[in-house]
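Report on the structure
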Amino acid sequence: MRDLAARNRVVIVGAGVAGLTSAIALAARGLDVTVVERAAAPGGKIREVGIGAARIDSGPTVFTMRWVFEELFAGAGLNFADAVKLLPLSVLARHAWDDKTRLDLFADEARSADAIGDFAGAAEAKRYQQFCADSRKIYQILEKPFLRATAPSLPGLATAGGIGGLIELRKIRPFTTMWNALGDYFKDPRLRQLFGRYATYCGSSPFQAPATLMLVAHVEQQGVWIIEGGMHALARALADCATRLGATIRYEQEVREIMVSGGRAAGVILTNGDRIEASSVIVNADVGALPAGLFGGAVQRAAAPIAPKLRSLSAMTWSLVAKTDGFPLSRHSVFFSRDYAREFTDIFGRGEVPSEPTVYICGQDRIDDEARLRDGGEEELLVLVNAPPIGDRKRFDADEIARVTQRTFAVLERCGLRIDARPDQTQVTTPEDFNRLFPATGGALYGRASHGWSASFERPGARTKVPGLYLAGGSTHPGPGVPMAGLSGRAAATSLLADLDAEAQRLKPAASKAT
Ligand SMILES: Cc1cc2nc3c(=O)[nH]c(=O)nc-3n(C[C@H](O)[C@H](O)[C@H](O)COP(=O)(O)OP(=O)(O)OC[C@H]3O[C@@H](n4cnc5c(N)ncnc54)[C@H](O)[C@@H]3O)c2cc1C
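Residues numbered from 1 in each chain as written. Predicted model: local features only at pLDDT ≥ 70, side-chain atom pairs only at ≥ 80, totals over all residues. Heavy atoms only, no water.

**A look at the overall build of the protein chain**
Which entries qualify depends on this criterion: A run of H or I in DSSP becomes a helix once it reaches four residues, and a run of E becomes a strand once it reaches two; helices and strands are each numbered from the N terminus. We compute the radius of gyration from the C-alpha atoms alone; for a globule the expected value is 2.2 Å times N to the 0.38, where N is the number of residues. With a 1.4 Å probe rolled over the protein chains alone, any residue whose accessible area is under 20% of its type maximum counts as buried; one over 50% counts as exposed, and the rest are partly exposed. We get accessible surface area from the Shrake-Rupley algorithm with a probe of 1.4 Å; when it comes to residues, only the shown protein chains can shield them. For the purpose of counting charges, residues Lys and Arg are taken to be positive, whereas Asp and Glu are taken to be negative. His and the chain ends are not included. To locate a charge, take NZ of a lysine, CZ of an arginine, CG of an aspartate or CD of a glutamate.
When helices and strands are counted, the protein chain shows 15 helices and 22 strands. On C-alpha atoms alone, the protein chain measures out to a radius of gyration of 23 Å, which is about the 24 Å that the 2.2 N^0.38 rule sets for 515 residues. Along the three orthogonal principal directions, the C-alpha set of the protein chain runs to about 80 × 55 × 45 Å. Across the 515 residues of the protein chain, 57% fall into the buried class. If you sum the accessible surface of the protein chain, you get close to 20800 Å²; carbon and sulfur atoms cover 50% of it. Of the side chains in the protein chain, 61 bear a positive and 57 a negative charge, and the two mean positions are spaced by 7 Å.

**Re the pattern of salt bridges**
Condition: Any carboxyl oxygen of Asp or Glu within 4 Å of a side-chain nitrogen of Lys or Arg constitutes a salt bridge here.
Summed over the entire model, instances satisfying the criterion amount to 32 salt bridges. Taking the shortest distance from any N to any O, the salt bridge between Glu-432 and Arg-395 comes out at 3.1 Å. Of this pair, Glu-432 sits in helix H14 (residues 431-437) while Arg-395 sits in the loop between strand E19 (379-387) and helix H13 (398-414), placing them 37 residues apart in sequence. Exposure remark for Glu-432: the relative accessible area of 15% places this residue in the buried category. Take Arg-395: its relative accessible area is 59%, and that puts it in the exposed class. The partner of Glu-458 in a salt bridge is Arg-448, with the nearest N and O atoms 3.1 Å apart. Separated by 10 residues along the polypeptide, Glu-458 in the loop between H14 and strand E22 (469-471) and Arg-448 in the loop between H14 and E22 bring together distant segments of the chain. The exposure class assigned to Glu-458 is partly exposed, which follows from its relative accessible area of 41%.

**A word on the site of the ligand**
Defined as follows: Proximity criterion: a residue is near a molecule or strand once any of its heavy atoms comes within 4 Å of it. Any pair of N or O atoms that falls within 3.5 Å is considered a polar contact. Within protein, one atom must be able to donate a hydrogen and the other to accept it, and sequence-neighbouring residues count only if both atoms are side-chain atoms. Ten residue types, Ala, Val, Leu, Ile, Met, Phe, Trp, Tyr, Cys and Pro, are classed as nonpolar, four, Asp, Glu, Lys and Arg, as charged, and the remainder, Gly among them, as polar.
The environment of the ligand is made up of 31 residues, and the closest members are Glu-37, Lys-45, Gly-474, Gly-481 and Val-482. Within the backbone of Arg-38, an N or O atom sits 3.2 Å from a nitrogen atom of the ligand. Bound to the protein, the ligand loses 92% of the 1000 Å² it would expose on its own. Of all the secondary structure elements, the ones that give two or more residues to the shell around the ligand are helix H2 (17-27) and helix H15 (482-514). No other element matches the 3 residues that H15 contributes to the shell around the ligand. Considered class by class, the residues forming the shell around the ligand number 15 nonpolar, 12 polar and 4 charged.

**What about the sheet that holds strand E10 (residues 255-261)?**
Selection criterion: Note on pairing: DSSP must find at least two bridges between two strands before they are called paired. Axes here refer to lines fitted to C-alpha atoms; in helices the fit is confined to the stretch in contact. Angles between the N-to-C directions go from 0 to 180 degrees.
The strand order E10-E11-E12 describes an open sheet built from 3 strands, whose pairing is antiparallel. Two strands in the sheet have a free side with no partner beyond their single neighbour: E10 and strand E12 (275-277). This sheet shows a mean twist of 25 degrees between the axes of neighbouring strands, independent of strand direction. Direction of pairing for strand E11 (residues 264-270) relative to E12: antiparallel, over a ladder of 3 bridges.

**Remarks on the nonpolar core**
Rules: We define a nonpolar core as any set of buried Ala, Val, Leu, Ile, Met, Phe, Trp, Tyr and Cys residues linked to one another through side-chain atoms lying within 4.5 Å. Contacts between residues were defined by any pair of non-hydrogen atoms, one from each residue, lying within 4.5 Å.
Core analysis: the largest hydrophobic core is formed by 110 residues, its most contacted members being Phe-69, Phe-195 and Leu-234. In terms of residues, this core owes the most to one element, helix H6 (residues 122-147), which gives 10 residues. Those residues in contact with Phe-195, other than ones at most four positions away along the chain, are Leu-105, Ile-116, Tyr-128, Phe-131, Met-178, Leu-182 and Phe-186. Counting residues in hydrophobic clusters, the runner-up holds 24 residues, among them Met-316, Ala-322, Val-411 and Leu-417.

**Let's talk about H13**
What counts here: Expected span, for any helix, means 1.5 Å times one less than how many residues it has. By arc we mean the arc of the directions from the helix axis to the C-beta atoms, nothing more.
For H13, spanning 17 residues, the distance from its first C-alpha to its last is 24 Å, which sits close to the expected 24 Å at 1.5 Å a residue. Residues of H13 that are buried: Glu-400, Val-404, Thr-408, Phe-409, Val-411 and Leu-412. Down the axis of H13, the sector holding all buried residues measures 150 degrees, keeping them to one side. Pointing more than 90 degrees away from the buried face of H13 are the exposed residues Ala-398, Asp-399, Gln-406 and Glu-413. Elements that come into contact with the buried residues of H13 comprise strand E14 (314-325), strand E15 (332-335), strand E16 (359-363), E19 and strand E20 (418-420). Gly-416 occupies a position one or two residues after H13 and carries a positive phi of about 95 degrees.

**Observations regarding the environment of Glu-48**
Following the sequence through the fold, Glu-48 ends up in strand E3 (residues 48-51). C-alpha of Glu-48 to C-alpha of Arg-173: the two residues are 125 residues apart in sequence and 40 Å apart in space. In this view, Glu-48 contacts Arg-55, Ile-56, Asp-57, His-232 and Arg-236; residues no more than four positions away in its chain are not counted.

**So, the packing of H6 against helix H8 (residues 178-185)**
Selection rule: With respect to orientation, any angle under 35 degrees is reported as roughly parallel, any angle over 145 as roughly antiparallel, any angle of 65 to 115 as roughly perpendicular, and every other angle as oblique.
Taken N-terminus to C-terminus, the directions of H6 and H8 make an angle of 135 degrees; their axes are 9 Å apart at the nearest point. Considered as vectors, H6 and H8 are oriented oblique to each other. Here Glu-124, Arg-127, Gln-130, Phe-131 and Asp-134 of H6 come into contact with H8, specifically with Leu-182, Asp-184 and Tyr-185. In terms of residue class, the contact of H6 with H8 is built from 3 nonpolar, 1 polar and 4 charged.

**A look at the pairing of strand E7 (residues 102-106)**
Of all 5 residues in E7, 4 are buried; the element is thus mostly enclosed. Sheet topology places strand E6 (residues 91-96) next to E7; 5 bridges connect them, and they run antiparallel. Bridging across to E7, Val-91 finds its partner in Phe-106. Between E6 and E7, which pair antiparallel one after the other, the connecting turn spans 5 residues.

Rendered as structure tokens:
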């Protein structure tokens, strides 16, 4: 029998949000936790890009569902508010279609309804309120049986939500696409486009995602926060918390193999040859890394491969320090393309960066309408467009980058925004770079796309086919995004603890017989 210490030892591959969440939940329960991370810092996709002295958040920038981390810290006897300072935003996002047409959405729903009334008329404002009520309902129906569950399950959904829940859900037509459902609420095509964009938060096209993804609108309505010190401060706080609870984090070390012994996970081997024995292993890398064989043959069949055509969105990003003028940027600003359907046909149909992309900008020195620019008027920006997940089969060379840059900045200029971007103060990240950072993904940033009504039920849950081997991260259930990855990390810890308890129960009679 494995000795007691090894029985309670867990290795976590990756210090992304989910890996760190699992580490906190397990270390708080007294397990011996080691996190192995390839990069020099925690966070994974919560990435900072350095330009001179500036540190630009170049991964997630919209922080929501803070309760996920409040619950995590509380479960470990700590207070999230002591570790991470949050500032609520009043303006959730500023949206532009050209240099005259703009609409702000606010944290205050009534204020948003007024703004929509001024923008598109009173009838549209009324339908917006119905849309908010319905997206709230979808969220409430799905929170417990889906978001908080350790694995996706349709029967589980039916049991937990009860017949009433299912009837409510049917009214929202879960089998139709988000785009069709939005057409019932909004007659103004600009509003349909604005709310359809929420599908991209899950790496998906609104033309193929199910209507249930409308719940993202409710999540934002519940609050969007800025993290003092940038999003990376969250990653550092999670890593500090895990370490305080006794976990060890080994940076700049890479796992090349997951060991299996007697049919169950038995630890990992690092590229430097070190072996760490353990009774349980949690993989926080993208799920695709397992079937691609990046962790060795013994665990290759532990998870199903994601076919390239099922991958979610990748992105092209520009992290830069520059002067801007002509447009009053808010913290989060969106500049829409003129043909939304074409944008997604370009990406998912033709496998190309859109000929005219929708552009998102995070103005990192801005809070609502207040700007705290540096001397000389420069500011830190992340510019992002969606891109196809083809980073493993297409080179993004200087010419291709120049072409996409030209198209992207042309959209901004059409909306009145000029960015004085200097090459020495700009760093571009392409799908090819994302594929290098997150191997076996093609640069897809959100696991498999949520296309089709059942796609959300096809993400793998925490348990795998190999006992003792668990999955956690944005490519697993319940889905991508910082808080959702946190929920998956918690689900992996819960499953692992339940399995250890069950094993202890199973061993009990044998142990008492032996004495
Ligand atoms: C550009 C961009 C914008 C985004 N915007 C938002 C947003 O605004 N709001 C939001 O909520 N979400 C957003 N997301 C999504 C969100 O960032 C992710 O869903 C979430 O951070 C994923 O966390 P994760 O736990 O899956 O781990 P990941 O971040 O994927 O980290 C996995 C870690 O595993 C490590 N690893 C992999 N293989 C090995 C190995 N063999 N050995 C050791 N270590 C290994 C990697 O180095 C990495 O650190 C965005 C993502 C990107 C990229």
